[in-house]
Amino acid sequence: MQPLKEIHSRFVPLPVENIDTDQIIPARFLKATTRDGFGKNLFRDWRYQNNDEQQPISSFVLNQPQYSGAILVAGKNFGCGSSREHAAWALQDYGFKAVVSSFFADIFKNNALNNGVLPVKVSDAFLASIFQLGAEQELHIDVAEQAITIVATGDQESFDINSYKKTCLLNGYDDIDYLISIQSAIEKFETTRK
């Protein structure tokens, strides 16, 4: 994974609550054995009429050129439904580095963190203030400081993140990379055991 320290980007607003993992990446696209290519099927049934890439639904936000960026801002209860790591893969492959919502399903949250996508949980009021912004506005997310800022207004809110996952994101580690990074400490511990 690539280190994730700060994200300064425009955002894509998706003010829909209870977005489940089957809406994020429909089950019929889960047959691949690698993580590549899932982004093209992100929100597939919301993006295209009759599952036809030649017929994009113009009202859907990902099909509107004024909305782009590395941050998806979604309604409350994002990632609910079945445990589907592919949902995080699809978001990451599409180009999202963070998802902002006022609530995340626990399994989705862990899958996202394990795959280098930062779930940023904010208050309902802060989320509403983001949704009130117009197109082409920017957000700034500082992983080390655990803070998200609306660039245009300077409004800021802090967010929680597990300290282990924070270390992994800041350094671009997966679980194995983290163990390798502390190999000397593990070896030292082993030599001191009786």
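Here the structure is a predicted model, which is why all the values come from computation and not from measurement.

Calculation notes
- Residues numbered from 1 in each chain as written.
- Predicted model: local features only at pLDDT ≥ 70, side-chain atom pairs only at ≥ 80, totals over all residues.
- Heavy atoms only, no water.
- Core = buried A, V, L, I, M, F, W, Y, C linked by side-chain atoms within 4.5 Å.
- Buried < 20%, exposed > 50% of the residue type's maximum accessible area, 1.4 Å probe, protein only.
- Helix = DSSP H or I, 4+ residues; strand = E, 2+ residues; numbered from the N terminus.
- Contact = heavy atoms within 4.5 Å.
- Lys, Arg positive; Asp, Glu negative; His and termini not counted.
- Salt bridge = Lys/Arg side-chain N within 4 Å of Asp/Glu carboxyl O.
- Polar contact = N/O pair within 3.5 Å; in protein donor to acceptor, adjacent residues only side chain to side chain.
- Pairing = 2+ DSSP bridges.
- Axes fitted to C-alpha atoms, helices over the stretch in contact; angles between N-to-C directions.
- Parallel < 35°, antiparallel > 145°, perpendicular 65-115°, else oblique.
- Left-handed = near helix turned anticlockwise from the far one by under 90°.

### Side note on the nonpolar core
Link 1 in the chain: Grouped together as the largest cluster of nonpolar side chains are 27 residues, with contacts concentrated most on F43, L72, F78 and L91.
Link 2 in the chain: Contributions of two or more residues to this core are made by β1 (6-14), β2 (71-74), α3 (85-94) and α4 (106-114).
Link 3 in the chain: The element that contributes the greatest number of residues to this core is α3, accounting for four residues.
Link 4 in the chain: In this structure, L91 is in contact with I24, L42, L72, F78, F96, V99 and F108, ignoring residues within four places of it in sequence.
Link 5 in the chain: Judged by nonpolar contacts, the second largest core, of 25 residues, contains L4, V73, L113 and F159.

### Remarks on the side chain of K166
Link 1 in the chain: By the secondary structure assignment, K166 is in helix α6 (residues 163-171).
Link 2 in the chain: We note that K166 is buried and unpaired, the nearest opposite charge coming from E145 at a distance of 7.2 Å.
Link 3 in the chain: A distance of 2.9 Å separates polar atoms of two side chains, one belonging to K166 and the other to Q146.
Link 4 in the chain: With sequence-adjacent residues up to four places away left out, K166 is seen in contact with V143, A144, Q146 and I161.

### Details of the environment of I141
Link 1 in the chain: Inspection of the secondary structure puts I141 in strand β5 (residues 138-142).
Link 2 in the chain: The class for I141 is buried, based on a relative accessible area of 0%.
Link 3 in the chain: With residues up to four places along the chain from it excluded, the contact list for I141 reads K5, E6, I7, I71, A98, V100, L118, V120, A147, I148 and F159.

### Some points on the sheet that holds β1
Link 1 in the chain: With mixed pairing, seven strands are arranged side by side in an open sheet as β4-β3-β2-β1-β5-β6-β7. Edge positions in the open sheet fall to β4 (118-121) and β7 (156-158), since each of these has one partner strand only. The average undirected angle you get between the axes of adjacent strands in this sheet is 25°.

### Points about the environment of V73
Link 1 in the chain: Looking at the secondary structure, you find V73 in strand β2.
Link 2 in the chain: Looking at V73, the relative accessible area reads 0%, which means it is buried.
Link 3 in the chain: Measuring from C-alpha to C-alpha, the distance between V73 and P119 comes to 10.0 Å, with 46 residues separating the pair along the chain.
Link 4 in the chain: Setting aside anything within four residues of it in sequence, one finds V73 in contact with F11, V12, P13, L14, V100, L127, I130, F131 and L139.

### Re the packing of α3 against α4
Packed helices, taken two at a time, are described by their axes: the angle between them and the distance between them.
Link 1 in the chain: It is the contact of α3 with α4, at a shortest axis distance of 8 Å, that shows an interaxial angle of 50°. Between α3 and α4, the crossing angle belongs to the class labelled oblique. As α3 runs across α4, the sense of the crossing is right-handed. Here α3 contributes E85, A87, A88 and L91 to the contact with α4, which in turn contributes F108, N111 and A112.

Geometric descriptors of this kind do not, in isolation, establish any biological role.
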